[in-house]
Amino acid sequence: MTVDPTTSVEPTTSADPMISLRGVGKRYPDGTVAVADLSFDVPAGELLCLVGPSGCGKTTTMKMINRLVEPTSGRILVAGEDVARTDPVRLRRRIGYVIQQIGLFPHLTVRANVGTVPRLLGWDRARIRARVDAMLDLVGLDPATVGKRYPHELSGGQQQRVGVARALAADPPVLLLDEPFSAIDPIARDRLQAEFLRLQREIRKTVVFVTHDLDEAIRLGDRIAVFRQGGQLEQIDPPARILGRPATDFVAGFTGSDRALRRLSVTTLRREDLEAPRPGQVEAAGAGPAGGAGPAGGAGQRVSIEVGASLREALSALLAQDSGVLDVHAHGELAGVLTPAALHAALRRSVARDDEPDTESDTEPEEPAGPAGSVRSAPAAPGCGQV
Ligand SMILES: Nc1ncnc2c1ncn2[C@@H]1O[C@H](COP(=O)(O)OP(=O)(O)OP(=O)(O)O)[C@@H](O)[C@H]1O
């Protein structure tokens, strides 16, 4: 395949990045080059996912940000401060860290685990207690029941929630998450991802999230950084662009031949994608917006979807229609209809839009999303129950 020269591998320019890597490299004493000459910025409030094959330097990159590993070249700034000149203990109190193996203290209760950093910071007991309660609530755990348990008395998903609560306890501006959900069964992982997205919309931390799982990165990431062996950054872009315009053969191979299908879930249905209803394609009486890919339309039953939904939701709803014509609403009114041909054209158009400079990302809805408008909405997110 051809390499797309318009796709960025250069660091983004941001007025005020929260994290900034400049020419960062790591060569371990045995000569292994884990990371080579890495430069990128993470703007405040962004969730950046690092993906790539095993051993490509994702964890090393993350650990250099909080100085668990020292770079052998280059500079890392967090909130404008050179981490090499920052006391590691002080630095780590400003950076929440969650790892796959969770790392909860087994001999401490959930409350004591979550209160670890506030205790180290010398907060008084009442303040710690209030903060721990708030954090457990935030991650969907009941402080009264779960707070006094020990880690081994929790499910894997609950332990991960405690890990996230602990990382957030001192309200750090930056969170580093290293495969936090990968040791959890797929159903629990799906829930945790949905809840983490909800949480992130609320707290807007600057997050660097390492994952093996491309679908997890597509679902969670504002941008995705694709690494290859030797800590080489191949592409850093929003998910839709990574899938629509892979910068190199490596990224194309990594994202797979079904990347167009994956792209459906990060591409928004726009008003201009719709066709005018033809005579006979009138709405069935009483059929209003169904809030997305609703129940399969039985004989004579029409489902509909809102402008702002993902193309994946639109495809799902379209497949549930006997007629092959899907009503699309905006602000409660019929905006047009979607057909298989229009859906195909919408996807192709969205890829072409990526070639235009200064266009908005597909992850930005052009209309206020309706109930169906979960813009980054891979698999339908279940509720926020406990895992
Ligand atoms: N302490 C070390 N000494 C020598 N080599 C190391 C050390 N730690 C990591 N490496 C090597 O550095 C490279 C990058 O490792 P790293 O853990 O950053 O990769 P990764 O992308 O996070 O991998 P995975 O996805 O398997 O967790 C690998 O080749 C690894 O073997």
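The shown structure was predicted, so the numbers you read here are calculated from the model rather than taken from an experiment.

1. Examining the overall build of the chain
A count of helical and extended segments in the chain gives 14 helices and 13 strands. Across the 387 residues in the chain, those meeting the buried criterion constitute 45%. Contacts in the chain between residues at least 24 apart in sequence constitute 70% of all its contacts with a sequence separation of at least 6.

2. Re the nonpolar core
By size, the foremost hydrophobic cluster in this structure holds 72 residues, and its most contacted members are L48, I65, A165, L176, V208, F209 and A225. Excluding anything up to four places from it in sequence, A165 contacts V114, M135, L136, L138 and V139. In this structure, L269, L311, L318 and V337 belong to the second largest nonpolar core, which totals 20 residues.

3. Describing the site of the ligand
Taken together, 13 residues sit near the ligand, with Y28, A34, S54, T59 and T60 positioned nearest. In terms of residue count, the dominant contributor to the shell around the ligand is helix 1 (residues 58-65) (three residues).

4. A closer look at the sheet that holds strand 11 (residues 304-306)
Hydrogen bonds along the backbone pair up the strands of a sheet, which may run parallel or antiparallel. If you walk across this open sheet you meet the three strands as 11-12-13, and the pairing is mixed. One side of each edge strand has no neighbouring strand; the edge strands of this open sheet are strand 11 and strand 13 (333-338). Each strand axis lies, on average, 35 degrees off the axis of its neighbour in the sheet, ignoring direction. The pairing of strand 11 with strand 12 (residues 326-330) spans three bridges and is parallel.

5. A word on unusual backbone geometry
One non-glycine residue, R67, adopts positive backbone phi at about 65 degrees. Residue placement: R67 occurs in the loop between helix 1 and strand 4 (73-78). One non-glycine residue, H331, lies in the positive phi region at around 50 degrees. The class for H331 is exposed, based on 11 C-beta atoms found within 10 Å.

6. Let's talk about the environment of L197
As for its placement among the helices and strands, L197 is situated in helix 8 (residues 186-203). Owing to 18 C-beta atoms within 10 Å, L197 belongs among the partly exposed residues under this scheme. The sequence separation of L197 and D41 amounts to 156 residues, and the corresponding C-alpha distance is 21 Å.

7. Quick word on helix 7 (residues 156-168)
Between its first and last C-alpha atoms helix 7 spans 19 Å; for 13 residues at 1.5 Å apiece the expected length is 18 Å, and the two agree. Of all the positions in helix 7, only G157, Q158, Q159, Q160, R161, V162, G163, V164, A165, R166, A167 and L168 are classed as buried.

8. Quick look at the packing of helix 13 (residues 311-319) against helix 14 (residues 340-353)
Where helix 13 meets helix 14, the axes come as close as 11 Å, and the angle between the chain directions of the two elements is 170 degrees. Between helix 13 and helix 14, the angle is such that the two are roughly antiparallel. For helix 13 against helix 14, the interelement crossing comes out left-handed. The residues of helix 14 that touch helix 13, namely those facing L311, A314, L315 and L318, are P340, L343, A346 and L347. The residue inventory of the contact of helix 13 with helix 14, partitioned by class, reads eight nonpolar, no polar and no charged.

9. What to know about the confidence of the model for the chain
Taken residue by residue, the chain gives an average pLDDT of 80. The fraction at 70 or more is 81%. Confidence, expressed as mean pLDDT per element, reaches its minimum in the chain at helix 12 (residues 259-264) with 82 and its maximum at strand 3 (residues 47-51) with 97. Within the model, pLDDT remains below 50 along residues 1-14, and this stretch shows 26 contacts once partners closer than five positions in the same chain are excluded. Contacts from residues 284-299, a stretch scored under 50 in pLDDT, to residues over four places away or in other chains number 33 contacts.

10. A word on the pairing of strand 3
Within a regular beta strand, the side chains point alternately toward one face of the sheet and then the other, so they alternate between its two faces. Within strand 3, five of the five residues are buried, which leaves it mostly tucked inside the rest of the structure. Burial along strand 3 is two-sided: the face carrying L47, C49 and V51 and the face carrying L48 and L50 are both buried. Judged from the four bridges that link them, strand 3 and strand 8 (residues 206-210) form a sheet pairing that is parallel. When the sheet's bridge partners are listed, L50 is paired in strand 8 with V210. Across four bridges, strand 3 lies against strand 9 (residues 223-228) in parallel orientation. Across the sheet, V51 pairs through a bridge with V226, a residue of strand 9.

Basis of the calculations
Residues numbered from 1 in each chain as written. Predicted model: local features only at pLDDT ≥ 70, side-chain atom pairs only at ≥ 80, totals over all residues. Helix = DSSP H or I, 4+ residues; strand = E, 2+ residues; numbered from the N terminus. Buried ≥ 20, exposed ≤ 12 C-beta atoms within 10 Å, placed from the backbone. Contact = placed C-beta atoms within 7 Å. Core = buried A, V, L, I, M, F, W, Y, C linked by C-beta atoms within 7 Å. Near = placed C-beta within 6 Å. Pairing = 2+ DSSP bridges. Axes fitted to C-alpha atoms, helices over the stretch in contact; angles between N-to-C directions. Expected span 1.5 Å × (residues − 1). Parallel < 35°, antiparallel > 145°, perpendicular 65-115°, else oblique. Left-handed = near helix turned anticlockwise from the far one by under 90°. Nonpolar A, V, L, I, M, F, W, Y, C, P; charged D, E, K, R; others polar. pLDDT = per-residue confidence, 0-100.

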